[in-house]
Each structure stands twice: as structure tokens, then as C-alpha cells.
Amino acid sequence: LPDGVKTELAWASHLLLTNTVTRSIVVWYDGRVLLRRGVLPEKREVTPGAIVNRVLEKGKPVYLVAMKLYPGRVEFDYLPENTQGLICQPLGKRGVLILAANAPRSYTRQDEVWIGAIADKLANTLSQAQP
């Protein structure tokens, strides 16, 4: 990745880890993982399942407020086992920003809006860097 993209990914992930309840971040774009940061298990591969594919197709975020209630949580085996809350935020039509928290119902509406704005900025930068 170009240095400018690396810097922006580092900046965005640092902001999310220090200013929200997010403990784990994965950026998946154009079929590959561009960033893993925070508390993470050894598994590095991301295989998009039904939830991530829905985010990519619809272009709308999905917030799983209490992971234990969703059978689809098994697709997120690349996140810590104790993940309680999750946001899958689209990065345009080509990627997804996956944020995990260790407490259920932990993201506020304001967090969701802010995460959406950061994701839009990342999507713009990534689309220009990888046409």
C-alpha cells in the first residue's frame, strides 16, 4: 500500500480504538485484509459470510448489539471469542470495516455516525489508491 494509505489506516484505527469501545479492527478490501489492529486471535484469514456479504451488497452497515443472539456470529472467527458487539461498516462496494467490542450494546448512535464518516473517508482514499 502507498504510505499515505498506510498513514490513514493507522490514523483511523487509532482514533477508533482510543475514542470508542472498539477493541478489535479489521479492514477487508478487494478480497484481502489490509489491516488488523487491537486485540485479535491468531487467525488472520477473513472469509466473508452472509453478514459481510449483505453489507457489501446493500452498502448499509450492520450492528450486532449482542453477538450471542446471532447464529451468524460464527462467520467472525477471526475476532476474539469474547466479542460481544460488532459493527460491519461498508467501505464503498469493495470492502468492509469490522469493529468489535467486548461489551454488548456498547456503541451509541453518535458512535455509529462517527464510524460511518471515518469509513467514508477510508473508502475514498482506498478507491483512489487501488482503482
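Here the structure is a predicted model, which is why all the values come from computation and not from measurement.

Caption draft 1: Molecular detail of the sheet that holds strand β5 (residues 95–101). In spatial order, the strands read β2-β1-β5-β4-β3; together these five strands make up an open sheet with antiparallel pairing. Each edge of the open sheet carries a strand with a single partner, namely β2 (32–38) and β3 (62–64). When strand polarity is set aside, the average angle formed by the axes of neighbouring strands in this sheet is 10°. Of the strand pairs in this sheet, strand β4 (residues 85–91) and β5 are connected by seven bridges, and their pairing is antiparallel. Looking at the pairing, Pro-90 lines up with Val-96 of β5. In this fold helix α3 (residues 109–129) packs onto β1 (22–29), β2, β3, β4 and β5, with an angle of close to 40° to the strand it touches most, β4.

Caption draft 2: Inspection of the nonpolar core at higher detail. The biggest cluster of nonpolar side chains holds 23 residues, and the ones touching the most others in it are Ile-25, Val-27, Leu-91, Leu-97 and Leu-99. At the level of secondary structure, the elements contributing two or more residues to this core comprise α1 (3–19), β1, β2, β4, β5 and α3. Counting residues per element, this core draws most heavily on α3, which supplies six residues. Not counting the four nearest positions on each side in its chain, Leu-99 is found in contact with Leu-16, Thr-22, Ser-24, Ile-25, Gly-85, Leu-86, Ile-87, Tyr-107 and Ile-115. If you look at the next biggest cluster of nonpolar residues, it comprises 18 residues, including Trp-28, Leu-64, Leu-79 and Cys-88.

Caption draft 3: Molecular detail of the pairing of β4. With seven of seven residues buried, β4 lies mostly within the body of the structure. Side chains Gly-85, Ile-87, Gln-89 and Leu-91 project from β4 onto one buried face, and the interleaved Leu-86, Cys-88 and Pro-90 project onto a second face that is buried too. In the sheet, β3 pairs with β4 via three bridges, with the strands oriented antiparallel. For Val-62, the partnering residue across the bridge sits in β4 and is Cys-88. Counted along the chain from β4 to the antiparallel partner β5, the turn is three residues long, and its residue Gly-92 has a positive phi close to 65°.

Definitions and cut-offs
- Residues numbered from 1 in each chain as written.
- Predicted model: local features only at pLDDT ≥ 70, side-chain atom pairs only at ≥ 80, totals over all residues.
- Heavy atoms only, no water.
- Pairing = 2+ DSSP bridges.
- Helix = DSSP H or I, 4+ residues; strand = E, 2+ residues; numbered from the N terminus.
- Axes fitted to C-alpha atoms, helices over the stretch in contact; angles between N-to-C directions.
- Contact = heavy atoms within 4.5 Å.
- Core = buried A, V, L, I, M, F, W, Y, C linked by side-chain atoms within 4.5 Å.
- Buried < 20%, exposed > 50% of the residue type's maximum accessible area, 1.4 Å probe, protein only.

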